[in-house]
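Below are the chains, spelled out letter by letter.
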Amino acid sequence: MLVLVINCGSSSVKYQVRDTAATGEDAQVIAKGLIENIGGAEIPTHTEALHIMAEALVEPLHGKTIGAIGHRVVHGGEIFSEPVIITEDVITKIDDLSPLAPLHNPAHVLGIRAAQETYPGVPMVAVFDTAFHGTMPAHAYRYAVPEDFYEQYGVRRYGFHGTSHDYVTGIAADFLGVERSEFNGVIAHLGNGASITAIEKGACIDTSMGYTPLAGLIMGTRSGDIDPSALTSVMIQNPEITAEKMDTILNKQSGLLAIAGNNDMREVVEAMEGGDERAKLALDMTSYRLAKYIGGYHVAVGGMQALVFTAGIGENSHQFRELAISRLGALGIKLDAEANKVRGDEPRIISTEDSAIPVLVVPTNEEKAIAEATEALTK
């Protein structure tokens, strides 16, 4: 089956066509692309963007037709705990969840509507970033706030990057020769956005991101965990900092950017190696925060069978992996320095043979995961 995977943002559409019957990543990816600046004079709406996409796909498809479409949807709330066939009711519910993801869900709805116009009659599936975290117990996802915060406003931990965490969990278990249902591990999805998930018996029992993707680890431009009273104190002292401005500061002007002056991990590492003290502080803070979460989640899962790094930084920055792992000596984890420097597209072990816990690097592939989920539901 040819599956079109679509990821719609407020001003962009990222897409990929995959042949799920083909063997190997290169053979599966038929075409991919990115359309930006939606909302401008040239591409006023998502419908025009998808028409441009459809035209760009004519040549690589060679007359073949799209069998199904998988849409990445950021927030499924408590409603969607697994991928679903898209119906009018599903679209309405995705739209109703927009207050939980105001920058994402409205754009997903626009993308779904545009896809319906561009590919009428083609079955579509919504795959939710939050769905994999639906197995968290209440003691992990609830916050200690008044009950009506939860019941009226949905204030709880939802978690994100779920499609990646789910995919990587399965690959890691297979690689180790363990049944997924028996696998306990800690997955660190480290990119410009970063999250870490505790896996028990193949399912999520806790994750670092919360009500929004702001919580948890220090990220490229996001602060991660912070005392809320520090923020309200600043806002009281400076009334010009509105709730909207504070939201922008925490999501777009914090993290590595705030401490090191740069949110590109490669450049921050390079600056640290060149003696830049701000870059060193930023990486010390980021690796320390990550190590604390790893230790906590090791306890949460009753002893992890593997620590797994994935996503852009997790897969490619051997320097940052080394910084983080150097803080885990109390767990008996030992890094193989040479293995850690190897780059590749296959799962691999970067710890020594006598490490108490194996450390893996497992490349993620969210598009493949979405395509497989779409095929499974529409076949």
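Here is a short report on the structure shown in this document. In this text the structure is predicted, and so the values were computed from the model without any measurement.

What about the packing of helix H11 (residues 265–273) against helix H12 (residues 277–300)?
Two packed helices can be described by the angle between their axes and the distance between those axes. It is the contact of H11 with H12, at a shortest axis distance of 7 Å, that shows an interaxial angle of 120 degrees. Relative to H12, the element H11 lies oblique. Our pair here, H11 against H12, has a crossing hand that is left-handed. Across the interface between the two elements, Met265, Val268, Val269, Ala271 and Met272 from H11 touch Ala279, Lys280 and Leu283 from H12. Residue composition of the contact of H11 with H12, grouped by class: 7 nonpolar, no polar and 1 charged.

Considering the environment of Ser164
Mapped onto the fold, Ser164 is located in helix H7 (residues 162–176). With relative accessibility at 1%, the residue Ser164 sits in the buried group. Each C-alpha atom of the pair Ser164 and Asp148 lies 32 Å from the other, and the pair is 16 residues apart in sequence. Excluding its chain neighbours within four sequence positions, the residues that come into contact with Ser164 are His189, Thr310, Thr364 and Glu366.

Quick word on the pattern of salt bridges
Pairing is possible between side chains of opposite charge, provided their charged atoms come close. Overall, the coordinates contain 13 salt bridges when judged by the stated rule. For Arg180, the salt bridge goes to Asp166, with nearest N and O atoms at 2.6 Å. Taken as a pair, Arg180 in the loop between H7 and strand E7 (185–190) and Asp166 in helix H7 lie far apart in primary sequence, 14 residues in all. What makes Arg180 partly exposed here is its relative accessible area of 28%. Judged by relative accessible area, which is 30%, Asp166 ranks as partly exposed. Here Lys280 and Asp284 are joined by a salt bridge, their closest N and O atoms 2.8 Å apart.

Focus on the pairing of strand E6 (residues 124–128)
Burial runs high along E6: 5 of the 5 residues are buried. Side chains Met124, Ala126 and Phe128 project from E6 onto one buried face, and the interleaved Val125 and Val127 project onto a second face that is buried too. Pairing of strand E4 (residues 68–73) with E6, which is carried by 5 bridges, proceeds in the parallel orientation. Paired with Gly70 across the bridge in E6 is Val125. Of the pairings in the sheet, the one linking strand E5 (residues 84–85) to E6 comprises 2 bridges and is antiparallel in character.

A short note on the nonpolar core
One broad trend across soluble globular proteins is that nonpolar side chains are buried collectively. Core analysis: the biggest nonpolar cluster contains 40 residues, and Leu190, Ile196, Leu290, Met304, Leu307, Phe309 and Ile333 have the highest contact counts within it. The dominant element in this core, judged by the number of residues it contributes, is H12, at 8 residues. Aside from chain neighbours lying at most four places away, what touches Met304 is Asn184, Gly185, Val186, Ile294, His298, Leu331, Ile333 and Ile357.

Definitions and cut-offs
- Residues numbered from 1 in each chain as written.
- Predicted model: local features only at pLDDT ≥ 70, side-chain atom pairs only at ≥ 80, totals over all residues.
- Heavy atoms only, no water.
- Axes fitted to C-alpha atoms, helices over the stretch in contact; angles between N-to-C directions.
- Helix = DSSP H or I, 4+ residues; strand = E, 2+ residues; numbered from the N terminus.
- Parallel < 35°, antiparallel > 145°, perpendicular 65-115°, else oblique.
- Left-handed = near helix turned anticlockwise from the far one by under 90°.
- Contact = heavy atoms within 4.5 Å.
- Nonpolar A, V, L, I, M, F, W, Y, C, P; charged D, E, K, R; others polar.
- Buried < 20%, exposed > 50% of the residue type's maximum accessible area, 1.4 Å probe, protein only.
- Salt bridge = Lys/Arg side-chain N within 4 Å of Asp/Glu carboxyl O.
- Pairing = 2+ DSSP bridges.
- Core = buried A, V, L, I, M, F, W, Y, C linked by side-chain atoms within 4.5 Å.

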